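# Overview (structure and organization)
This is what each chain is made of:
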Amino acid sequence: MRAAAAAKYVAFARVATALARRDRGELYGRMLFFAVILGVFSSLWRAVAEAGMPIAADPKLLVWYLATTEWIILSAPPVHTDVQESIRRGDVVCRIGRPVSYVGAAFAEALGLLAVRAPLLAATAWACAFAFTGWIPSLTSLAWTLPFGFAAAALITAMYLWIGLLAFWLEDVSPVFWVVQKLLFVFGGLMLPIELYPRAMQVAAAWTPFPAMLAGPASFVLRQSGAGWLMLALEQSAWGGAAALAVWWAFRRASATLTINGG
Amino acid sequence: MRERSNHLAFVSALLATNLKAAVALRGAFVIQVVFMMLNNLTFFVFWWALMRRVPELRGWRLGDIQVLFGIVAAGFGLTVTLAGGVRHLSRFIDDGELDTLLAQPQPVLLHALGLRLQASGFGDMLSGIAFIASSGQVSWRAAPVVLLAIAASALVILACGILFHSLTFWLGNVDTVARQLWELLITFALYPEPLFGGGLRLVLFTLLPAGFVGYVPARLAQRPTAALVVLTIAAASAYLLFAAAVFERGVKRYASGSRFGVHG
Amino acid sequence: MRATPAVDITGLCKAFHVRRPRTGGFAARLQDFVRPLTQTVTAVDRLSFSIDPGERVAFVGPNGAGKSTTLKVLAGILQPDAGDVRVLGLEPSRQRRELAFRVGTVFGQRSQLWYQLPPRDTFALLGRVYEIAAADHRRRLDALTTAFGLDAILDTPVRQLSLGERMRCEIAASLLHAPRILFLDEPTIGLDVSAKAVIRELLHTESARHGVTLLLTSHDTADIERVCERVIVIHRGRLLWDGTIADLRRRYLTTKRITVWSEAERLDLQLPGVRVLSSGAYRTELEVALDVASVGQVIDAALAQSAVRDLAIEDAPLDAVIRALYVEAEAGRAES
């Protein structure tokens, strides 16, 4: 029975892989954007080093840090739009009755997309980072970023999915998506490691899931080691659990509203 | 003279209709404006946090970054409100919306640009002006020059949008590519020019004129000189005229009927 | 002296150069870029016709026949490859702007109305598009509102209107600037029966009252019959038929349909040239081939079997007639 259920999810994931391949225009655009951003920032961090860097961080490390955070965030497919569309069209109503949980299916599809984007973007990230710095961090630290980075991207995807579910109550979820994404950029330390923020902001960030999504996996590169992996694993699991709960709860509330309204 | 004043009446009528349509859903309108302002603010947090530690970067201080960012944001906002149709040009060309416009007596490009208005552009304009005003780099007396700088930036952004989307006339629907290129233009424009090396700098003042979107207008706003005024106006006009000419060429090609796909 | 024709086309030719992508992988794509395969498709082939002011003409043909292409040439959207085209005495390709002031268009599939706003706002904008003086605009709008019954819906956002209401506004919008000629492409598509009837009535009345020339394409033959008097049939870019609908019927009239309501439950009519379409429940439908049998013969035969309660004699439906035209054309092509 378990095998059958798993097979269904795998089928969804395969469909998504095909979808991802079809949307490759956007993916190539993302790769180009990646190259540009890394180029700009390698220049930036070199300029900062010239001006006297207050933190003991090599500009090369900071470029690789950015490469990692950008890799994670660009890999996560913006599923909130698909979920919103699906809800608007009324697909969800049909799928509520089906044995495959709608949420599970949507997530499996998203993971499929992620599975295609992540490796391509990782390769782009590393190639560009190497091109602009002429250096590679220790292979162990890179190895540590992979599983945690992938998990982080999955976590971000779950968050996007939850935002998409808000379409049951909101006319348009895009503004919510933008704000959450920006909070992720800031409190996740996308461009600047969180250690460089003012104290107050560091404290605020610690209360959010965002550091576990970006700064956490990327700091292996900064530290050049796998130190802190256990802590990060615990954090990601905790937030993963919270995400699953939030998504499940949202869907339950939504189904309840739908059944009350007569479907 | 009569013809031009009629175009003006037409353009203002388009704008008025667009505004009415945007405000028709009041809640959505406000949300778009407010959230775009928040969006811009979070981008700026990076520079603020960095410059608390490193006050000067290759001659650039936080105030300079604010002016640069403010000009690009306001210019972009101006473009997507007054000429919001530019973001949809590829689609207009590809799905035949252009036919409707060609059957009407007003200039096609002007009409197409005025068909849409993006409410978030108001958020961009407001935050842009807020950044410039709070930068401490620009005095109130310089307001006319600042407005000129914003207008020039907007015109170059618009020109590039028209150019990228006009490729559809020759290559078929290039909507995704055009959008990515446009995004690239804005991205480059938001970063201080000393960060870019020689070869790239050449590109940024020619093929992908981020230099005329951000750097030159920002310089103009902070340290206006007659030469800069001339350069700014000349560059903006040149790009816009070129873009309009390419679009017209494209329409001629469209009218001759050689495209992908057959129409019965 | 004959008045200037509303539309005058002589020898119109228009071909499209279509890029046909090669099949295959990357190498094929590269070849496509370096040396694209182009195929020339003739959309319109030496088409000639003339329409007088005030006429209502239906433009009929199967998909891909060249109807839309011809309309687009007339509107100035496409350039002809060869031939002489004049609309209201003007050359569409050279005098597009001038012509646009006098021409109205209605595309059934595409809307001019702004979705979020009431029709009144679109009308106001169109006033500026067509540079209509304020007083004239007010007068026209009042007249159209009365004629089209738009009072109740003029201030309702378009997204809240039904399809029929939207179409009424759409047509009113196209007439706002008092064009001399109106091009309509599938104006009743997607509408229910009563809405279609309303639209047809409006079009016919407006045209008759103000002398507006109508050129209408439609797949619905009732549109053609109720609105127009003349039909131009086009097939593979060539003119097949140009004449009145009555003439078309007569020329291709080979069958009539007879429905008999009888006292007897069934009629058993076996006559040469008579095909029984349905029989039973006191009602019989027959198709009569006029070159073999006559209507009179059939009626006599029916009366001989049973008393007749009611009788209906109809011409073959128009689309059957038109289809016969296509078939004949195809046969002609096959032979040549």
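Residue positions are counted from 1 within each chain, in the order its sequence is given. Chain labels run from A onward and ligand labels from 1 onward, assigned in the order the entries are written. pLDDT decides what is reported in this predicted model: residues at 70 or higher carry local features, side-chain atom pairs at 80 or more are listed and counted, and totals for whole chains, interfaces and linings draw on all residues regardless. Think of the side-chain values as coming from all heavy atoms in the structure, minus any hydrogens and water.

In DSSP terms, a helix is any run of H or I states spanning at least four residues, a strand is any run of E spanning at least two, and both are numbered starting from the N terminus. Looking only at helices and strands, chain B features 13 helices and zero strands. Sequence-ordered secondary structure for chain B, helices as α and strands as β, is α-α-α-α-α-α-α-α-α-α-α-α-α. Atoms counted for the radius of gyration: C-alpha only. Globule rule: 2.2 Å times residue count to the power 0.38. In terms of C-alpha radius of gyration, chain B reaches 19 Å, essentially the compact-globule figure of 18 Å for 264 residues. Dimensions of chain B along its principal axes, counting C-alpha atoms only, are 65 × 45 × 40 Å. Burial classification: accessible surface area is computed with a 1.4 Å probe over protein chains only, and a residue below 20% of its type maximum counts as buried, one above 50% as exposed, and the rest as partly exposed. Here chain B holds 264 residues, and the buried ones make up 58% of them. The long-range share in chain B, meaning contacts at least 24 apart out of those at least 6 apart in sequence, stands at 76%. Charged-residue counts in this description rest on Lys and Arg as positive and Asp and Glu as negative, His and the chain ends being excluded. Charged groups are reduced to one reference atom each: NZ for lysine, CZ for arginine, CG for aspartic acid, CD for glutamic acid. Distance from the positive charge centre (20 side chains) to the negative charge centre (12 side chains) of chain B: 7 Å. Any two residues whose heavy atoms approach within 4.5 Å at even a single point are treated as in contact.

On to the sheet that holds strand E8 (residues 230–235) of chain C, then. All names here are of chain C. Any two strands are treated as partners once DSSP identifies two or more bridges connecting them. Sheet architecture is open: six strands sit in the order E5-E6-E7-E3-E8-E9, paired in mixed fashion. Sheet topology places strand E5 (103–107) and strand E9 (238–244) at the edges, where each strand pairs with a single neighbour. Each strand axis lies, on average, 15° off the axis of its neighbour in the sheet, ignoring direction. For strand E6 (residues 181–185) and strand E7 (residues 213–217), the ladder comprises five bridges, and the chain directions are parallel. Within E7, the residue paired with Asp185 across the bridge is Thr217. Axis definition: a line fitted to C-alpha atoms, over the contacting stretch in the case of helices. Angles run 0 to 180 degrees between N-to-C directions.

Now for the interface of chain C and chain B. Each partner contributes residues to the interface: chain C has 36 residues there, and chain B has 42 residues. Buried area is understood as the total, over both parts, of accessible area removed when two parts are fitted together, assessed with a 1.4 Å probe. Interface of chain C and chain B: buried area, both sides summed, is about 3300 Å²; carbon and sulfur atoms make up 58% of it. We define a salt bridge as a side-chain nitrogen of Lys or Arg found within 4 Å of a carboxyl oxygen belonging to Asp or Glu. Linking chain C to chain B there are two salt bridges. One salt bridge in this structure joins Asp99(B) and Lys72(C), with 3.3 Å as the shortest N-O distance.

A word on the pattern of salt bridges. Residue and element names in this part refer to chain C. Under the counting rule described, the total for this entry stands at 31 salt bridges over all chains. The salt bridge involving Glu287 is made with Arg275; its shortest N-O contact spans 3.0 Å. You can see Glu287 sitting in strand E12 (residues 283–289) and its partner Arg275 sitting in strand E11 (residues 274–280), a full twelve residues away along the chain. On the basis of relative accessibility, which here comes to 17%, the residue Glu287 falls in the buried class. What makes Arg275 partly exposed here is its relative accessible area of 48%. Here Arg283 ties to Glu285 by a salt bridge, and the two come within 3.2 Å at their closest N and O atoms. Accessibility expressed as a relative area gives 32% for Arg283, which makes it partly exposed. In this structure, a network of salt bridges that share partners links the residues Asp84, Arg86, Glu91 and Arg94.

This paragraph deals with empty space enclosed by the protein. Residues and elements named next belong to chain B. With a 1 Å grid spanning the protein atoms alone, the term cavity applies to any set of points in which a 1.4 Å probe fits but cannot get out, the term pocket to an open set with protein on both sides within 12 Å along at least five of seven lines, and the term lining residue to any residue with an atom within 4 Å of a point. Grid points are joined across faces, edges and corners, and a volume is the space filled by probe spheres set on the points. If you walk through the whole model with that rule in mind, you get six cavities of 30 Å³ or more. Of the volumes computed, that of the largest cavity is approximately 80 Å³. Every element with two or more residues in the lining of the largest cavity is listed here: helix H10 (175–189) and helix H12 (210–222). Among the elements that line the lining of the largest cavity, the one with the most residues is H12, at four residues. Tallied by class, the residues present in the lining of the largest cavity amount to eleven nonpolar, two polar and one charged. Each residue is assigned to one of three groups, with Ala, Val, Leu, Ile, Met, Phe, Trp, Tyr, Cys and Pro labelled nonpolar, Asp, Glu, Lys and Arg labelled charged, and all others, Gly among them, labelled polar.

A separate point is the packing of aromatic side chains. How two aromatic rings sit relative to each other is given by the distance of their centres and the angle of their planes. Classification of ring pairs rests on two measures: the distance between centres of Phe, Tyr or Trp rings, Trp counted by its six-membered ring, which must be within 6.5 Å, and the angle between planes, read as stacked under 30 degrees, edge-to-face over 60 and tilted in between. For the structure shown, the criterion picks out 24 aromatic pairs over all chains. A centroid spacing of 5.8 Å and a plane angle of 75° characterise the contact between Phe41(A) and Tyr191(B), whose relative ring orientation is edge-to-face. Linking Phe41(A) in helix H2 (residues 24–50) with Tyr191(B) in the loop between H10 and helix H11 (198–204), this pair reaches from one chain into another. Look at Phe41(A) and you get buried, because its relative accessible area is 0%. Put simply, the rings of Phe41(A), Trp45(A), Phe46(B), Trp47(B) and Tyr191(B) pair up and form one aromatic cluster. Only when the NZ of Lys or the CZ of Arg is both within 6 Å of the ring centre and within 35 degrees of the ring normal is a charge said to sit over the ring. Just above the ring of Phe33(A) sits the side chain of Arg30(A); from NZ or CZ to the centre is 5.6 Å. In this structure, Lys14(C) is placed above the aromatic ring of Phe16(C), and the distance from its NZ or CZ to the ring centre is 5.9 Å.

What is meant by a nonpolar core is a set of buried Ala, Val, Leu, Ile, Met, Phe, Trp, Tyr and Cys residues, joined one to another through side-chain atoms within 4.5 Å. Within the largest apolar cluster, 241 residues are counted, with the highest numbers of intra-cluster contacts made by Phe41(A), Leu165(A), Trp47(B) and Tyr191(B). Of the residues forming this core, the biggest block, 13 residues, is contributed by helix H8 (residues 143–166) of chain B. Among all residues touching Phe41(A), those that are not within four sequence positions of it are Val63(A), Leu66(A), Met191(A), Phe46(B) and Tyr191(B).

With that settled, consider a nonpolar patch on the surface. Residues enter patches when they are more than 30% accessible in relative terms and free of salt bridges; like-charged ones are connected within 9 Å and nonpolar ones (Val, Leu, Ile, Met, Phe, Trp, Tyr) within 5 Å. Surface accessibility in these figures is a Shrake-Rupley result with a 1.4 Å probe; residues are shielded only by whichever protein chains are displayed. A surface patch of nonpolar side chains, about 310 Å² in accessible area, is lined by Val30(B), Val34(B), Leu38(B) and Leu41(B). Given the relative accessible area of 44%, Val30(B) is considered partly exposed.

Moving on, we come to the pairing of E6(C). Residues and elements named next belong to chain C. Across the five residues of E6, five count as buried, placing the element largely inside the fold. Burial along E6 is two-sided: the face carrying Ile181, Phe183 and Asp185 and the face carrying Leu182 and Leu184 are both buried. Bridge analysis of E5 against E6 gives five bridges, and the strand direction is parallel. Considered in E6, the bridge of Val106 is made with Leu184. Here a crossover is taken to be right-handed if, once the strands point away from the viewer, the path from the first strand over the helix to the second is traced clockwise. Crossover handedness for the path E6 to helix H7 (residues 193–210) to E7: right-handed.

A word on the pairing of strand E3 (residues 56–60) of chain C. The buried count for E3(C) comes to five of five residues, which makes it a mostly enclosed element. Burial along E3(C) is two-sided: the face carrying Arg56(C), Ala58(C) and Val60(C) and the face carrying Val57(C) and Phe59(C) are both buried.

Residues and elements named next belong to chain C. Tracing the chain through its elements places Leu30 in helix H1 (residues 26–34). With relative accessibility at 46%, the residue Leu30 sits in the partly exposed group. In the structure, Leu30 is positioned 30 residues away from Val60 in sequence and 41 Å away in space, judged by C-alpha atoms.

Turning next to the confidence of the model for chain B. Note: predicted coordinates in regions of low pLDDT should not be interpreted at a detailed level. Residues and elements named next belong to chain B. Known as pLDDT, the predictor's per-residue confidence is scaled from 0 to 100. Put simply, chain B has an average pLDDT of 89, and 95% of its residues get 70 or more. When the criterion is pLDDT under 50, residues 260–264 qualifies, and its contacts beyond four places in sequence or with other chains add up to 15 contacts. The ipTM for the predicted assembly is 0.86, set against a pTM of 0.85.

Once that is clear, we can look at the side chain of Asn39(B). Looking at the secondary structure, you find Asn39(B) in helix H2 (residues 26–53). A distance of 2.8 Å separates the side chain of Asn39(B) from the side chain of Lys182(A), its partner in a polar contact. Pairs of N or O atoms are called polar contacts if they sit within 3.5 Å, as long as, within protein, a hydrogen donor faces a hydrogen acceptor (for residues adjacent in sequence, only side-chain-to-side-chain pairs).

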